[in-house]
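# Examining the three-dimensional arrangement
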Amino acid sequence: MSPTQPPTTLQATYFNGQVLKGTPVNVHNNAGQLVFFLGDTKHTIALRSVKRSESFGNAPIVLELPDGATLEFDRESSLNTLKSWNALSLNWFEKVQYHPTRWLFVSLASIAFATSLYVQGLPMLSKWIAFATPQATVSALMEDVLPTLDGVIFQPSKLDEKTKAKHQQQLESLMEHSEDQAELAHVKLVFRSSKIGPNAFALPDGTIVLTDELLSSLPAETIPGVLAHELGHVKLRHMTRRLLQNAMVGTLIVIFSGDVSILVSSLGTQLVAQHYSREFEREADLFAIELFVKQGRELAALELLHEKLGSLDKAGSRKTSYLDSHPGAEERIQLIREKQRTPAKASQP
Amino acid sequence: MLNTYPPGKFIFHGAGREYFKIWLVNLVLTIATLGIYAAWAKVRTRKYFYQSTELNGNRFDYHGDPKAILKGNLLVAGIALAYIVSSAYSPGFSGLIMLTVMCLMPFFLVMSLRFHLANSSYRGLRFRFNGDIKTAYGKLIITILISLGCFVVLGMVYKIGSGFVDLEFNMVMSSVLVISAPLVLIACVSFIFAMFISGLRLFVMNNAKFGNADLNCGARFGEFSKTTLKSASLAGLALLLLAIAAFAINMSVFTGLLDFSLPMHDKPSMLDDEASQEQAQVAAQAMTMLSSLGIITILTYLVLFAFGAYLKTAIDNLVWNNTMLANQHQFKSTASPMAATWIHISNILLIVFTIGLFLPFARIRSTRYRISHMTFVPVGSIDDIVREEQGKQKAFGDSMGDALGLELGI
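Definitions and limits used
- Residues numbered from 1 in each chain as written.
- Chains lettered and ligands numbered in written order.
- Predicted model: local features only at pLDDT ≥ 70, side-chain atom pairs only at ≥ 80, totals over all residues.
- Heavy atoms only, no water.
- Salt bridge = Lys/Arg side-chain N within 4 Å of Asp/Glu carboxyl O.
- Helix = DSSP H or I, 4+ residues; strand = E, 2+ residues; numbered from the N terminus.
- Buried < 20%, exposed > 50% of the residue type's maximum accessible area, 1.4 Å probe, protein only.
- 1 Å grid on protein atoms, 1.4 Å probe; cavity = no way out; pocket = protein on both sides within 12 Å on 5 of 7 lines; lining within 4 Å.
- Points joined across faces, edges and corners; volume = space filled by probe spheres on them.
- Nonpolar A, V, L, I, M, F, W, Y, C, P; charged D, E, K, R; others polar.
- Contact = heavy atoms within 4.5 Å.
- Pairing = 2+ DSSP bridges.
- Axes fitted to C-alpha atoms, helices over the stretch in contact; angles between N-to-C directions.
- pLDDT = per-residue confidence, 0-100.
- Parallel < 35°, antiparallel > 145°, perpendicular 65-115°, else oblique.
- Left-handed = near helix turned anticlockwise from the far one by under 90°.
- Core = buried A, V, L, I, M, F, W, Y, C linked by side-chain atoms within 4.5 Å.

When charged atoms on two side chains of opposite charge get close, those side chains can pair. The final tally for this structure, using the stated rule, is 7 salt bridges over all chains. A salt bridge links Glu 161 of chain A to Lys 164 of chain A; the shortest N-O distance between them is 3.7 Å. Residue Glu 161 of chain A and its partner Lys 164 of chain A are located together in helix H6 (residues 161-176), separated by 3 residues, close to a single helical turn. Between Arg 201 of chain B and Asp 316 of chain B there is a salt bridge whose closest N-O contact spans 2.7 Å. Of the two residues, Arg 201 of chain B sits in helix H6 (residues 171-206) while Asp 316 of chain B sits in helix H8 (residues 274-321), which places them 115 residues apart along the sequence. Among the residues examined, Asp 316 of chain B registers a relative accessible area of 7% and is labelled buried. It is possible to trace a salt-bridge network through shared partners that takes in Arg 201, Lys 312 and Asp 316 of chain B.

Turning our eyes to something else, we now look at empty space enclosed by the protein. A probe as big as a water molecule, rolled over the atoms, marks out the empty space that is left. Residues and elements named next belong to chain A. Enumeration over the complete set of coordinates arrives at 5 cavities of 30 Å³ or more. In this model, the largest cavity occupies a volume close to 70 Å³. Gln 135, His 186, Ala 202, Leu 203, Pro 204, Gly 206, His 233, Val 234, Arg 237, His 238, Met 239 and Thr 240 together form the lining of the largest cavity. Put simply, the parts of the chain that give the lining of the largest cavity at least two residues each are helix H8 (223-235) and helix H9 (238-257). A per-element tally of the lining of the largest cavity places H9 first, with 3 residues. Among the residues making up the lining of the largest cavity, the classes are represented as 5 nonpolar, 6 polar and 1 charged.

In this fold, Gly 124 of chain B is placed in the loop between strand E4 (120-122) and strand E5 (125-129). The class for Gly 124 of chain B is partly exposed, based on a relative accessible area of 24%. Distance in space between the C-alpha atoms of Gly 124 of chain B and Phe 60 of chain B is 8.7 Å, their sequence separation being 64 residues. Apart from the residues within four sequence positions on either side, Gly 124 of chain B is in contact with Phe 15 and Gly 17 of chain A.

Residue and element names in this part refer to chain A. In terms of residue burial, strand E11 (residues 207-211) counts as a mostly covered element, since 5 of its 5 residues are buried. Here strand E9 (residues 188-194) runs beside E11; their pairing, made up of 5 bridges, is parallel. Residue Leu 189 lies in a different strand from E11, and its bridge partner there is Ile 208. Taken together, the 3 bridges between strand E10 (residues 200-202) and E11 define a ladder with antiparallel strand orientation. Across the sheet, residue Phe 201 finds its bridge partner in E11, namely Val 209. Taking the residues between adjacent antiparallel strands as the criterion, E10 and E11 are bridged by 4 residues, where Gly 206 takes a positive phi near 95°.

Next up on the list: the sheet that holds strand E8 (residues 154-156) of chain A. All names here are of chain A. With mixed pairing, the 4 strands of this open sheet are ordered in space as E8-E9-E11-E10. One side of each edge strand has no neighbouring strand; the edge strands of this open sheet are E8 and E10. Taken over all neighbouring pairs, the strand axes of this sheet differ in orientation by 40° on average, direction set aside. Each of E9 and E11 is contacted by H6, which is oriented at about 135° to E9, the strand it contacts most. Packed on one face of the sheet, H8 meets E9, E10 and E11 and runs near 150° to E11.

This paragraph deals with the confidence of the model for chain B. Residue and element names in this part refer to chain B. Across chain B, the average pLDDT comes to 80, with 79% of residues at 70 or higher. Ignoring residues within four places in sequence, the model shows residues 257-272, a span with pLDDT below 50, making 16 contacts including any to other chains. In this model, residues 392-397 is a region of pLDDT below 50 whose contacts with residues beyond four sequence positions or in other chains number 16 contacts.

Residues and elements named next belong to chain B. As summarised here, the arrangement of the 10 strands in space is E1-E2-E3-E4-E5-E6-E7-E8-E9-E10, forming a closed barrel in which the pairing is antiparallel. Strand after strand, the sheet turns through a mean of 30° between neighbouring axes, direction not considered. Sheet topology note: the strand E9 (residues 329-333)/strand E10 (residues 374-377) ladder contains 4 bridges and is antiparallel. Pairing of Phe 331 across the sheet is with Phe 376, part of E10. The sheet strands contacting helix H2 (residues 38-51) are strand E1 (8-12), strand E2 (53-55), strand E3 (58-62) and E4, and the helix crosses E3 at an angle near 165°. Its contacts with the sheet place helix H10 (residues 359-372) against E1, E2 and E10, and it is angled at close to 175° to E1.

Our focus in this paragraph is the packing of helix H1 (residues 16-32) of chain B against H10 of chain B. Residue and element names in this part refer to chain B. Across the interface, H1 lies against H10 with an axial gap of 8 Å and an inter-helix angle of 130°. When the axes of H1 and H10 are compared, the pair comes out oblique. Handedness of the H1/H10 crossing: right-handed. Contact residues: Gly 16, Arg 17, Tyr 19, Phe 20 and Trp 23 in H1; Leu 359, Pro 360, Phe 361, Arg 363 and Ile 364 in H10. Considering only residue class, the contact of H1 with H10 consists of 7 nonpolar, 1 polar and 2 charged.

Bridge count for E1 of chain B against E10 of chain B is 2 bridges, and the pairing is antiparallel. In the strand pairing of E10 of chain B, Lys 9 of chain B is matched with Thr 375 of chain B.

Time to look at the nonpolar core. Of all hydrophobic cores here, the largest spans 66 residues; its most connected members are Phe 10, Tyr 48, Phe 210, Phe 224, Leu 325 and Ile 385 of chain B. Here this core takes 7 residues from H1 of chain B, the largest share from any one element. Residues contacting Tyr 48 of chain B, with those up to four places away along its chain left out, are Phe 56 of chain A together with Gly 14, Ala 15, Glu 18, Tyr 19, Ile 22 and Ile 364 of chain B. If you look at the next biggest cluster of nonpolar residues, it comprises 32 residues, including Ala 200, Ile 223, Leu 299 and Leu 305 of chain A.

So, in C-alpha cells, the structure goes:
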C-alpha cells in the first residue's frame, strides 16, 4: 500500500442523538456497508441509506444514519476516502465551488444574466403589460394623478382663453392626419402654472400638461414640437411603462440586497429610472420627428426647440450623462439631422 | 471549589469568500427558478452559518427540510399576489388581507420558532420551542392595550399643556413644553419599545429548550427599559444634531453666506436677460437646498438604522447575560453596541457602493462579531442533558415569519 493511498479505515465520532456525549469509533467500508463497533456491538449500515448533507469550509463531514444518529468525520483526513466509498454525492454546485475556474464562470454568467434581465427583459415586460392593459383601465387607475399634482406642484394657469384655444388648435391639427388617431382619442390638453419651472408633462391617462413657464420661455413656433413630443409619450404609454419598470426594478433590488432594502433600493431605483427615462425621451423625439415628416412640417422647428431646451438646461452641459433623465440637447439635434438626411420616411401629406 | 469545566468561547469560522460563492449560486438559481430555489437557498445559508459556529470543539448544524419551507413560501407568495391584485381593484379587500396577516403574526411567529429550533442541533441533540399560541396572543394584546393607554395619556397631557399655553402667552411655559416634548416622546417610545421587546425576547427564550434542558432568561422589565431609554436618547441626540445641521445649511443658503452659484459654461448663454439669470440663481440655491435635504434624509435613515443596530446589540447582551441553561449554566455576551453599530453602518455603506456585492461579506462580518463575543459558562458537566421526545413540527410558519422580517436566530 503506497503512502498516497487514502486510509481504508476512518476515525469518526458517533453521536446517537440522545445524549451529548460523542463516542470515537473506527469506520470501514465492507462492500457498500459502513461497519463500526460501539463497545461490543457491531453496527452495519448500508451506504445507500445514509444521508449526507452539504457541508462547507472546514466543518466536519456529517453522515446522518437512518435512526437519527450521526457520524462526524474530520474533513481533511477523510474526504478522499469518503469520496472513494461513494459516500459523498457532491451536487453540481458543490463541485462548482471546488473548481475556482468553474465558479468564476458561473459568477460571470450570473452577472451577465442579471444585467441582460435588467436591460432587456424588464422594459419588454413592462411594455407588454402597458400595452396589454386597456387604456380605459389605465385611465381609471391613474385618474388621481393630476388632482394630486395640482395640490403639490401645479397652480392654475394664468393664460388667457385665446392662447389656450390656439394651442388646443395646434394639438388637434397634429392629430388630424395622424394614423394614431384612434389611440390618441383620449388625449386632453390642460394648462397649469408650475412651481418647478418650465416643463411639459404627459400623464398616464392621456392628459398633456403645458406650463405657463414653458410657453413663456420658448419661441411660439416650437410649441407644436413640444405637443408632438408629448403625443409620442402618450401613444407609447411611457408613463405607465416607467411606473411598471420602477416597481419591478425596486423589487429586484430588494431581492438582491436582502435586508438592506431602504437605502439601496431607493438609490438604485433612482439611477435605473433615469436610464430608462432617456430611452423614452428618445422614442418620443422619434415620434415627433416622424409625425412632423408625415404632416410635411418643417423639422427646423424641432431643432430650434432642442437648442432652446439645451440652453434652459440648468446643468449647462449638452452631453448626456448616466444621471440625466433626458438625452443631452446635442444628441437630440443629431437625431433630427439624421432623419433629415433620410427623407425615405416622408409620406404623402 | 475548583471549576474543572472551563468556559468556552463561541468561535465563528465563516469566511466571506466561502460564503460569497454560496450566496452567488443561491442568487442565480433563485432568479432562474423564479423563486422556487429560495427554500433550498435558505437551508444552505443556515447550514453554512450553523456549521461555521463552534463551541468546545463541536459545531452546530441545521436540518430544515427545504420542501417544507417551499410550501410556506408558496403560501406567502399567494397572499402577496392576492394583496397586490386586490389593491388595484378594491382597496378595501386588500386592507382586509393586510389586517388578517397582521392578526396572524403571533401564530406565524410561534410556528416559525418551532420549526427553526426543532431543526437546529448541537452534538446530535435538537433544540425545541414550547411556546403556545394562546400565550403569544395574550401577551401581544396586553402590550398593545398598554401602549394605546400610553398614547391616550400622552395626548391628554399635551392637550392640557397646549391649552394652558393658549390661555396665556407664557414664554416660560411654552419653552418648557418645547423642550420637554421630545424628551417625553423619547421616554414614551422607549417604554413602549421595552414592552414589546421584552415581551418577545422573554417569550422566546423562556420557552426554548436544548434537549431536555430549559433555557430561562431572568432579565427584568426595568433593565429592558433602561436599555431602550439609553438607545433612544442617543438616537434622539443624533437626530437633534442633524436637525441643527440641516437648519444651519438652509439658513446660510437663504442669506447667501455661502456662494453656491453654479459655474456657468463658457459658451454665451442663449438667454442673456437678467431675469432668467436670476431665475437660474434661485434654481441653483433651490437645488442645493434640495440636495442637502436629500443628504439629510439619507443621514436620518442611517441614524435610525444605527439606533436599531445599537438597540439590538444592547438587548442581546441583556438577554444572554441573564440566560441560564438547565438552571445552572450561563452565558456571557460582551459585544459592544457602539462597535456593532459601526460595523452595521459601514456594512450598509459598502453594500451600497458595491451595488450589493458586499452583502455576503457584510453578513459574515456582523455574524463573526456577534458570535465571537459570546461565551458559554458551564457550572458542572452538561453531559446529563439528553434528548426529549418530540412530534413533527410544521414548517410553513417559518417562511411567513421570515418573510415579514422576523429574523430570530439563537
